[in-house]
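Each chain, written out:
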Amino acid sequence: MLTVDFSRFPLAPGDRVLDLGCGAGRHAFECYRRGAQVVALDQNAEEIREVAKWFAAMKEAGEAPEGATATAMEGDALALPFPDESFDVVIISEVMEHIPDDKGVLAEMVRVLKPGGRIAVTVPRYGPEKVCWSLSDAYHEVEGGHIRIYKADELLQKIREAGLKPYGTHHAHALHSPYWWLKCAFGVDNDKALPVRAYHKLLVWDIMKKPLATRVAEQALNPLIGKSFVAYATKPHLPRLADNGADAT
């Protein structure tokens, strides 16, 4: 289940991609399938081990084209172990709402992104997330949980202040918002509640089968109750200097 829409976020074979806070690796796997040179980084060592296993399995199965590479590594988003301007593409999906120093994370992403490079940022959308917080303290008051809810204009302003130029936004996963509202209403750790189990089966069926009816329904509902807000931006090129060393005009 991808949150980033690659029809709006172009990725070319050979692009060097950082999936920051990769989690289970869903975006990293898609970039690998598209021929990128992928680095999946997360602070969770257990998840990184699983991502590495899946990368190896994908290579063995021939799922990635020739020239694609994939590395999974443990690391700190606030101190990325890469030189400046190392990546063509950076993806950070459903991560920034967990990190107190979100401006520091943005600064590190900008540092390792090449001029002209592209970045995708996804966070829980304000409205649906506010409902979850209202229904359940346990949803967010946990170690490593969500510490803030972004409004779209607030996130875009932080992206601009980091030196990036936003070029597009959208919402995603509308069908998942009611599932999390049910989870929060019946208890976030209570997977036995009948409404929760029934809705989970619907989501699994939708993910596996991708029926036209639910695809159309989700596209229609995304602007209203999409669970995630997605923003795309580029890192501007530095102004060129004239031959005499003065700023070009």
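Placed above this text is the structure.
This one's a predicted model, so the numbers in the text were calculated from it and none came from an experiment.

(A) Here's a closer look at the nonpolar core. Of all hydrophobic cores here, the largest spans 30 residues; its most connected members are Leu18, Leu20, Met96, Met109 and Ile159. Elements represented by at least two residues in this core include exactly strand 1 (16-20), strand 2 (37-42), strand 4 (87-93), helix 3 (102-112), strand 5 (113-124), helix 5 (152-161) and strand 7 (228-234). The element best represented in this core is helix 3, accounting for 5 residues. Once residues lying within four places of it in the same chain are set aside, the contact partners of leucine 20 are Leu41, Ala77, Leu80, Ile91, Ile92, Ser93, Val95, Val105 and Met109. Val4, Cys31, Ala36 and Tyr232 belong to the second largest nonpolar core, which has 25 residues in total.

(B) Layout of the sheet that holds strand 2. Strands sit in the order 3-2-1-4-5-7-6 across an open sheet of 7 strands; the sheet is mixed. Either end of the sheet is taken by a strand with one partner, and the two such strands are strand 3 (69-74) and strand 6 (165-172). For this sheet, the mean angle separating the axes of adjacent strands, direction not counted, is 15°. As paired elements, strand 5 and strand 7 share 7 bridges and run antiparallel to each other. Bridge pairing in strand 7 links alanine 120 to tyrosine 232. Its contacts with the sheet place helix 2 (residues 45-61) against strand 2 and strand 3, and it is angled at close to 165° to strand 3.

(C) Spotlight on the pairing of strand 7. Here strand 7 lies mainly inside the structure; 6 of its 7 residues are buried. Of the strand pairs in this sheet, strand 6 and strand 7 are connected by 7 bridges, and their pairing is antiparallel. In the sheet register, histidine 170 faces strand 7, and the bridge partner there is valine 230.

(D) Fine view of the pattern of salt bridges. Inspection of every chain in the model, using the stated rule, returns 16 salt bridges. Aspartate 84 serves as the salt-bridge partner of arginine 111, at 2.9 Å between the closest nitrogen and oxygen. Pair noted here: arginine 111 is in helix 3 and aspartate 84 is in the loop between strand 3 and strand 4, with a separation of 27 residues, a long-range link. Here arginine 111 falls in the partly exposed class, since its relative accessible area comes to 23%. Here lysine 183 makes a salt bridge to aspartate 191, at a shortest N to O gap of 2.6 Å. By relative accessible area, which is 46% here, aspartate 191 ends up partly exposed. Through salt bridges with shared partners, a single network forms among Glu30, Arg33, Arg34 and Glu63.

(E) Fine view of the pairing of strand 2. Of all 6 residues in strand 2, 5 are buried, a share of seventy percent or more. Where strand 1 lies against strand 2, 5 bridges are found, and the strand directions are parallel. Along strand 2, the bridge assignment pairs valine 17 with valine 38. Regarding topology, helix 1 (residues 26-33) serves as the crossover connection from strand 1 to the parallel strand 2, and that connection is right-handed. Two strands pair when backbone bridges link them, and strand 2 and strand 3 are joined in this way by 6 bridges, in the parallel orientation. By the bridge assignment for strand 3, glutamine 37 is matched with threonine 69. The parallel pair strand 2 and strand 3, bridged by helix 2, forms a crossover whose chirality is right-handed.

Each value, and the rule that gives it
Residues numbered from 1 in each chain as written. Predicted model: local features only at pLDDT ≥ 70, side-chain atom pairs only at ≥ 80, totals over all residues. Heavy atoms only, no water. Core = buried A, V, L, I, M, F, W, Y, C linked by side-chain atoms within 4.5 Å. Buried < 20%, exposed > 50% of the residue type's maximum accessible area, 1.4 Å probe, protein only. Helix = DSSP H or I, 4+ residues; strand = E, 2+ residues; numbered from the N terminus. Contact = heavy atoms within 4.5 Å. Pairing = 2+ DSSP bridges. Axes fitted to C-alpha atoms, helices over the stretch in contact; angles between N-to-C directions. Salt bridge = Lys/Arg side-chain N within 4 Å of Asp/Glu carboxyl O. Right-handed = clockwise from strand over helix to strand, strands pointing away.

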